[in-house]
Structures are given as C-alpha cells and as structure tokens.
Amino acid sequence: MANKPENLIHPSFGPCEVNSTLLAIKWRRPMSDSDVGKAIANSDASLNVSDSKNSEPAEKVIEINNSSTLSWTTTKGLAKSMQTASANPDVEWVSPVYRAVNAEKGERSLFAINPTVLILTAAADSAIDIVSVESSAEVDTVRTNIMKGFVVYKFPKGNAVETSQKLSAMSEIAGLPNAISLENVPYLSPLCGCGCASPKNSHKSKPCGCMPAALIPNDPLFANQWGLQRVEAPNGWSITKGDPNVVIAVLDQGVDLLHPDLNLWPISYSTITHTNNGSSVGNHGTACAGIIGAKMDNALGLAGLAPECKVMAIATNFADTEVAEGLFFAADNGAKVVSMSFGVYPSWNYWNFAIIEAALQYCYERDVCLIAATGNENQAISRFPATDPRTFGIGGSNRADERHRVGDSSIEPFWGACYGPDVDVVAPCLEIPTTDRLGGAGYTATDYTLRFNGTSSATPHVAALAGLILSLCPKLTVTQVYQIIGETCDKINAGTYMYLATTGKPFSTWHNEVGYGRINVERALLAAKKCCQTPCGCSDGGKCSVCTPEPEDCCVSPCEPAWLTDENCLVWYEDKFFRVPIRRDNNVAAGSNFKDAPMIEFRLTYEHRMCLLGKQHGPLLFTTTLLPGETVRLYHSDRYRRITSTQQRYSVQTTFMQFLQVVHEARASGSINALSEVLTSSKSGSSGGSGGGFFVGLFGFGGGSSSSSSGSVSSRSEIDVHFASEQFNQSVVQSSLLTHAERSVVVSTYEDKETLDVSVRTIHNDNECRAVTYFVRQVMELYSMSTKLSDIKYRIVFPNVPDEWRAINDTDWLPPAIRDFILDELRLLPKIGTAVIRPRPISIPTDGVVYDPELANCCSCEPEKAAAIGIRLEKQKAEAMKACLEVQSLEMELKRREMLLAKGDMRPFESVQTTPTPSD
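Residues numbered from 1 in each chain as written. Predicted model: local features only at pLDDT ≥ 70, side-chain atom pairs only at ≥ 80, totals over all residues. Heavy atoms only, no water.

As a packed pair, helix α10 (residues 320–332) and helix α11 (residues 353–365) sit with axes 8 Å apart at the nearest point and diverge in direction by 10 degrees. Comparing their axes, α11 and α10 come out roughly parallel. Contacts between α10 and α11 pair D320, T321, V323, A324, L327, F328, A331 and D332 from the former with I355, I356, A358, A359, L360, Y362 and C363 from the latter. When its residues are assigned to classes, the contact of α10 with α11 shows twelve nonpolar, one polar and two charged. (Axes fitted to C-alpha atoms, helices over the stretch in contact; angles between N-to-C directions. Helix = DSSP H or I, 4+ residues; strand = E, 2+ residues; numbered from the N terminus. Parallel < 35°, antiparallel > 145°, perpendicular 65-115°, else oblique. Contact = heavy atoms within 4.5 Å. Nonpolar A, V, L, I, M, F, W, Y, C, P; charged D, E, K, R; others polar.)

Take the packing of aromatic side chains next. Enumeration over the complete set of coordinates arrives at 16 aromatic pairs. Seen from their ring centres, F353 and F384 are 4.2 Å apart, and the 15 degrees between their planes marks the pair as stacked. Linking F353 in helix α11 with F384 in the loop between β14 (369–373) and β15 (392–397), this pair joins segments that are 31 residues apart in sequence. For the pair F353 and F384, a shared accessibility class is recorded, and that class is buried. Centre to centre, the rings of F577 and W805 are 5.9 Å apart; their planes meet at 45 degrees, and the pair counts as tilted. Taken as a pair, F577 in strand β21 (residues 569–581) and W805 in the loop between β29 (772–797) and β30 (806–807) lie far apart in primary sequence, 228 residues in all. With respect to burial, F577 and W805 carry one shared label: buried. Of the aromatic side chains, those joined through ring pairs into one cluster are F13, Y98 and F111. Sitting over the face of the ring of Y362, R366 holds its NZ or CZ atom 3.5 Å from the ring centroid. (Phe/Tyr/Trp six-rings, centres within 6.5 Å; stacked < 30°, edge-to-face > 60°. Buried < 20%, exposed > 50% of the residue type's maximum accessible area, 1.4 Å probe, protein only. Lys NZ or Arg CZ within 6 Å of the ring centre and 35° of its normal.)

Among the nonpolar cores identified, the biggest contains 131 residues, and L327, I469 and I485 are the most heavily contacted of them. No other element matches the nine residues that helix α12 (residues 455–472) contributes to this core. When near neighbours in sequence (up to four residues on either side) are disregarded, I469 contacts L476, V481, I484, I485, A524, L525 and A528. If you look at the next biggest cluster of nonpolar residues, it comprises 22 residues, including F578, V580, I600 and L604. (Core = buried A, V, L, I, M, F, W, Y, C linked by side-chain atoms within 4.5 Å.)

Turning our eyes to something else, we now look at the state of the cysteines. Disulfides are covalent bonds that link the sulfur atoms of two cysteine residues. Applying the stated criterion across every chain, the model contains one disulfide. Lacking any disulfide linkage, C288 is separated from the closest cysteine sulfur, that of C192, by 9.5 Å. A relative accessible area of 1% places C288 in the buried class. (Disulfide = S-S within 2.5 Å.)

Pairing is parallel in the open sheet, where seven strands are placed in the order β11-β12-β10-β13-β14-β15-β16. Every other strand in the sheet has two partners, leaving β11 (269–270) and β16 (425–428) as the edge strands with one partner each. (Pairing = 2+ DSSP bridges.)

Here H461 lies in helix α12. Judged by its relative accessible area of 1%, H461 falls in the buried class. A polar atom in the side chain of H461 sits 2.7 Å from the backbone oxygen of S457. Residues within four places of H461 in sequence aside, it is in contact with L228, I291, L305, A427, P428, I432 and I519. (Polar contact = N/O pair within 3.5 Å; in protein donor to acceptor, adjacent residues only side chain to side chain.)

A word on the pairing of β15. When a strand is regular, its side chains alternate between the sheet's two faces. For β15, a buried count of six out of six residues is recorded, marking the element as mostly surrounded by other parts of the structure. Residues F392, I394 and G396 of β15 are buried on one face, and the alternating residues G393, G395 and S397, pointing to the opposite face, are buried as well. As paired strands, β14 and β15 are joined by three bridges and run parallel to one another. Across the sheet, A372 pairs through a bridge with G393, a residue of β15.

Turning to helix α9 (residues 284–293), a few remarks are in order. A turn of α-helix holds 3.6 residues, and therefore any two residues three or four places apart point the same way. Within α9, ten of the ten residues are buried, which leaves it mostly tucked inside the rest of the structure. Those residues of α9 lying buried are H284, G285, T286, A287, C288, A289, G290, I291, I292 and G293. Tucked inside the fold, the buried residues of α9 contact β10 (247–252), β12 (310–315), β13 (335–340), β17 (432–435), β18 (448–452) and α12.

Right, let's talk about helix α14 (residues 521–532) for a bit. With twelve residues, α14 ought to run about 16 Å at 1.5 Å a step, and its terminal C-alpha atoms sit 17 Å apart, in line with that. Along α14, the residues classified as buried are V521, A524, L525 and A528. Down the axis of α14, the buried set is contained in an arc of 95 degrees. They therefore lie on one face. The inward-facing, buried residues of α14 contact α8 (233–237), α12 and α13 (478–487). The N-terminus of α14 is capped by N520, whose side-chain oxygen sits 3.2 Å from the backbone nitrogen of E522. (Expected span 1.5 Å × (residues − 1). Arc of directions from axis to C-beta.)

Turning our attention to the sheet that holds strand β25 (residues 631–638). The strand order across the open sheet built from three strands is β27-β25-β28, with neighbouring strands paired in antiparallel fashion. The sheet is open, and its two borders are formed by β27 (745–748) and β28 (759–764), each paired with just one other strand. Across the sheet, the axes of successive neighbouring strands diverge by a mean angle of 20 degrees, strand direction being ignored. Bridging between β25 and β28 involves six bridges; their strand directions are antiparallel. Bridging across to β28, H636 finds its partner in S759.

What follows concerns the pairing of β29. In this sheet, β29 lies alongside strand β24 (residues 599–626) in antiparallel orientation, the contact comprising 24 bridges. Counted as the bridge partner of T625 is T773 from β29. Note that β29 and β30 share two bridges and pair antiparallel. Across the sheet, the residue bridging to K793 is A807, located in β30.

Turning to unusual backbone geometry, a few remarks are in order. Across the junction of F384 and P385, the peptide omega takes the value 15 degrees, indicating a cis bond. Position of P385 among the secondary structure elements: in the loop between β14 and β15. Even without a glycine there, the phi angle at F318 is positive, about 70 degrees. Topologically, F318 is positioned in the loop between β12 and α10.

Next up on the list: the confidence of the model for the chain. The share of residues in the chain with pLDDT of 70 or more is 81%, and the mean pLDDT across the chain is 82. Overall, residues 52–60 carries pLDDT values under 50, and its contacts beyond four positions in sequence, including any with other chains, amount to 18 contacts. Considering only residues more than four positions removed or in separate chains, one finds that residues 682–710, a stretch of pLDDT under 50, has 60 contacts. (pLDDT = per-residue confidence, 0-100.)

If you walk through the whole model with that rule in mind, you get 33 salt bridges. For E183, the salt bridge goes to R143, with nearest N and O atoms at 2.9 Å. In this pair, E183 is assigned in strand β9 (residues 180–186) and R143 in helix α5 (residues 141–146), connecting sequence segments 40 residues apart. Among the residues examined, R143 registers a relative accessible area of 0% and is labelled buried. Among the ionic pairs, R609 bridges to E607, the shortest N-O distance being 3.5 Å. Classification of R609 as partly exposed rests on a relative accessible area of 23%. One network of salt bridges, with partners in common, ties together R230, D401, D490, R518 and R523. (Salt bridge = Lys/Arg side-chain N within 4 Å of Asp/Glu carboxyl O.)

Next up on the list: the packing of α12 against α13. Packing of α12 against α13 brings their axes to within 10 Å, and their N-to-C directions diverge by 115 degrees. Our classification of the angle between α12 and α13 gives roughly perpendicular. In this structure, α12 crosses over α13, and the sense of that crossing is right-handed. The segment α12 lies against α13, with V462, L465, A466, I469 and L470 engaging V481, I484 and I485. (Left-handed = near helix turned anticlockwise from the far one by under 90°.)

If you want it as structure tokens, here you go:
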C-alpha cells in the first residue's frame, strides 16, 4: 500500500513537500538489517542507517528512526521503488518522506505518513459520515477504545492521505480544531540519548566521592554505577526498594522481555502492532528500563534505582498518534509513572501536539507522573513534552555535579543537556551502566552497556525516584510527588549557580541551568516517609516507649460496592416515523394531490440505555445518638407497602419502569390523561402501574412496524438523536422523582400500630466512654444514560407498492430516480450509530437503608469512669514497656556470650538474672 509521491496539504501542518530520495517502509514482521537488505535487493533502494557502534564519536550522533518494524531507504526512483516495495508480501505500507514548508530546514523535519490510519476527534466523527467518503474505511475498535475522545479508522486500501484531503474540504468539520489527524512518523529518532559501546581506549572513572552506602548490592556492575551512588540511592534503599504494585511505564522502543535482570510488569503493549507485546524494536527502551528496574542482589549485572517496582514496556516507532496511544494505555493499565526519554521541537513540524496533549491530560487527571527528557541540543529551550506544564522536565548532570554542557571536562564534551525555563531537576546522564538487548542485538556484544548517555539516561533516574516515593505513599498526587523531588534536591555547584525564588517554580529555589538541583534519593524518601506518617502524640521515650492509645477517628461511611460493568443495563427501543413526499422538480408528483402523493416513510429506532454504575447513599432519613450503654429500637416502614396489598407489590425497579412507561408515552403523545390516571390510582391505593402495558414498555415504545400518532413526527428536529435523548431523559427524571415519592421510607423510634409490615432494628452502644451517632440513609442505585440511533428502515407508502420495511441499503429494486431521492434524504437524517451520553447520572431508590455509625470522643463519661479507663491504659503501657526491657536484656546477654566465644572463652556461662528477685 503506497502513497503517491507528490506534494500535499497536510491537515495539521499545511503545505508539505515530498523528498524524492527517501522512502519509509513498514514491515508486517520484525526484520533484521540483513532481512531488509534481501527484501529490497531487487529495487534501486538501499537501507539508510546511522553507524554509531563500536566507535567513539567525534560529535553527538543523530540516529535515523530505524527499528525492526520500520526502515528508511534511499532511492533514485521514488515511484518505482514504492511500486516494488508494495508488491512485497512482508510490507505493510510504504510512504514517501515529506517536510512541511514552514518547518525548520534539514533532516530533523522529515517525516513519513502511515497511509492506513486516519484519526478523527469524537466531535468530527459525529459530524460526518466517513464511510460515505471512503467506503473501505472501518473503525479500529482496539485503538479507539484506548484513545479516549478520538475515533481511529483503518484504510485497507492505503488511501488515508487522499481521504484526509477530501474531509478537510467538508464544511461540517471546517470549524472543529484538530478534527483530522494523520499518523506522522519522524525520519530522525526523537530519542534523547544513545548507548555507546566501550571505546578502544577505555575511560577510567574518577572516584565519585559518595558517602559510605547503607545498602550495597552484590550485583557485579554496581561499582560502575556512579550515578546511583551520587544520588544517594544506597541510603535510600534502606528506606524502600520499591513496591511491586507500583508500575513505571517506559514509553520507548520496547523492552527485551526475556532479559533475566529486569523486573517487568506482566502487561506490555505495542503501539505499532496494537497488541500486548512490548518487545524491543530498538535498543533504547531496554537501556531506560534497566536504570529503573534492574533486579538487585541477584549476583547478576547491575541494580536498578527502583529494583522492586515493576516496569511496563510500551513499544513505539514514535508516530504522534502512537505516542498518544501509549500514554492512554499506560494510564488505563495501572502505570503510576511514565518515563519519556524522547521529545521534539515545534519547528520540526511533524507531530500533531494536540493529540498528545489530550493523552497527557488524561494521564494527569488520573495522577500518573509524567517524566520527560529536555533534550541534548545544549540550548535554553527544551523539547516537547518536557515543555508541557503537566510533565516534569529532566536535564542532565556530569561527574563534576554541574549541567553537562558542550566543552566541559567530561568524556563526551561534544554535546550538552538542554536547560532553561522548563528544566525542573537534573540527574546523572553520562557513562550510565544499564541493561542491553540480549545476544549482541543491542548497543554491545554483551547483555549490558556501560556508556548509556543523554537526558535519556537522566529521565529514568527521576521516574524511578517517583516510583519509590509512591511505594512509600501511594496516595500522593502528581503535584505532591513533583514537590517532594524538587524540595529535596541537592543544590549542586552552589558557587557557580545562584539558586533564587523564581515565578512558576514553587517548590524550592531554582536556577536556569539545573532547575531545583540534582535529585537526592535518600532525602526525597525521608520527606515522603514523613509526609505519610501520623505523629504518635506522646513524648519520645526511646526504643521501648509506648504511646497511650488515642481516640479513634470518626468512622466514615462504608465503602461503596464495586462498580459494575456496562453490561448491567436496562435497554428500551423507541421508534419514530418520519414521512417525506416524493417530489419531482420541487413539485408534488403530477396527477395527485398532497395526501395521495407517494411517500417515503422512515422508521428510526433509538436505543435508550440505563446502565448501573453502582450504589450510593441517598438522603438522610434519621439520626440518633446513643450514650455509653444505651439501647434503642428503630422501626422503619415505607409508604408503598402501606398502600398496596401483598399481591400488588413490586420491586422498586418495577415501580420505576411502570412510571417510565406511562410518563414517556404521555410525553410522546402530548397527552397527560394517562399519567393523571396512574397518579390518581396510586393515591387511591392501587399498584401505581399500568398493568400489561408495562410489559410492552420492556420491549419498546412506539407501535411495532406501523406508524402511530405517538411515534409519527413532522419535523426533522424531532428525529435528531439529541432531541430523542433529551425527551427520554426528561421522562426518566420525572419517573425517578415519582418513584422517590412512591417508595419513601420512614424511620422512627416508635411503632405505628396501624402498620402491619414493620421492620425493627435494635442497636446498642457497647463503648465505655464514647457516644455513637447513627445516620440512617436510604440506599440509591446510580445509572448512566445514553441514547443511540441503532437502525433506520424505510418503506414506500403508495397504492400497489409492497407495504414492507426495508434496510436503507436495500434500494436496488427501485427506479434510479426514487433510489437517488432516498439517498438524498438519508444524508439529512441522523447517522446510524450516532450516540448521546447524558452528562449527569440518574438515581433510583432501593428497598434498603444503611446505618453509618460515627464515634464521638470522650464527651459523655463521668469523671470517675474516665479516670478508671486512664489508669487501666497506663497499666497496660507499663506492662508493654516491661516486656520490651526484658527483650533488650536478653539481647544484651546474647551479645555478651557471643563476645566470650569470640575470645575463646569456653567456660560454662554464668546465668545472668534479668529480673530482680524479691527480697526475703
């Protein structure tokens, strides 16, 4: 599948020029360089690669965005090469390479377009019928479900670019921002670092000068991990090494899932194949993952900064839509942190930032920490997404504890970390040992590299620290995590950098070169630990101190039941009938008056859904406070059971549906007679229902296949899905209110003698010195509401024409003029599948009530009783302290005997009296 090699008007970037010498090829399966060479041997194309292995570069290497599933080739004949490549069964798609006219000059701005994918915003998708523009288009349900607010379409013919040109000209979406997005793949890698093999002249590391470590792992390469020692990771590990339930997503080129030294989350994902397989398509992701989650104390390789947290592998080729998809997936599948060691500048003009910003917002709203690299251009401007206010921008520091810059004293003075207003903190970014792909497939011939670099290597340091902080205190918000990291940084090189209070940098003093400073793991974890701890409230009495128990906090309401899935829904189908006279030249058909003119009658079927979200507390019915030892009997009854006989009683849900049937029919017909009868019969003691008519409501409103007065409409506005949704919603709201009134519950401390069906509950306060207040609330069910146009059928209303309903695509039997007339009318009708989701849920009462107790502090005790309780607590405190001192005494005796044995004293041990003996 191939795009035509010609210039185009891009829906996001405007005019774009084609590059006649480059070609992008997407493979259906992972391909090695030799496989690619064989596949393109019969064409005039050749693989375009960056040779950065096994040599010490003279300048920062800029890598081409090749992966095992994506190849960039040079060619002399673009059209011929595209035709040859498209014929290869291993090729998924082929694309020419473009550069936006307004983009920065040079290779950095080159990109290809995936011709099999087009993405619309939800608003644009509801405004147009894309299938009418391109019949082969179909919704990619997997990607659409992941990318909230967007609809992803697949184009099997590979004509997404051509379709985007047609859609851009449509007035329905002309005013919608970023309505159309193509999948844009960068030519040069947006990664912020590379792993370099050890050069021929190995560099001898200077001593890092760290304080003695509190926890030294047995991993052989730990001695080379100067970065972890510099940020006080060993001391931090004595506080926590992470929590396996804290997941850190590495959004990158995937991770080697078979690497034995990586602690991986079982769920991974590929935004390339859209499957749960985050395997490597390049080297970079495995290196980032090792800095975060390499296993510790396994006598293998090296240690990660958060060795017991889990790493979620997400593979991408860095198309803008793939990056967004990866962010959506991470947020929906348990990630608490996302590490992004990549980024682009707006001047390159090949990413639609809006679609990625929507994904960043989705993550931020779900308290996912977003850690992003600033870039390696040695300039005071960072790459996106580090420039986004929802992310934490990470710069790089060298062994001298200063910003790594061009011309410094480091081993790689030819590049520098970006700095400026978007840098929040820095972390080590040079000579970072980490994991590599297995079997020599990565940066080196071994399973590890000692020279991973760039802000790409600094970023996973900070992502791992965020994971450690959340391991201690999982309830922290994103802002609180950022604050802890910022406030606990080391103010490195204070003699050169003057840290000042800065607008927009609220967490600490800040400097343009290094932000808040270089991260310090130990200080950050101590701050997080302090943030999560609740003070004991008693004086510090040493190791054996015992705190007097404090009164418990007030009890809170019981946890809500687990929210149920969308399959627990009540569904109604409603038919509306809309007639249109068949006209000829804007006049009624000749030889007939208006009533006798042939008509097209459309039957529009709307699906109304009420889906159970869960239960919640309703209004407060009764409150009572019990003093210590007090007992009360509470009687509760409901109005419904008092006015109905046993044979006429229904569930609350049945009562609601009875009301809904009558209310909606009355609203649709414009008559209140039926509703008045039901309300009158309810007041007089009947069941409040409409008998057999209720069961009709279960299957649908309207009248089957024939039109009825309640279902026939004369205005196009009445068949709009929003109108149908609003009309049904009003009926539901009114029915809900009627049900609330019908099924009201009364709670009291006395029994109504006239009530035969009364439930009673006895409650007793067993607390010695605290009052208990009970709040009695009715339990409510909460429903979401939506309306969708599920089907449209038509029939011809005219003598001697079969009076049967037909599907809208069944028009071949009609004369061409009538068929064209029907198709024209269909364009004016709502589109099948158009849905409206109501923003506010609906609550319906249940038969149940809930008793929420709240404990009051010691406010109802007599002084003598309170004093007795205090004496008992002090006695328990003394006994606990005595037990602790006895244990300490035994520990000291054990150490004494061990010391005697160490000196070679083999005499029998003399017993040591640990407790005083009472005197005679």
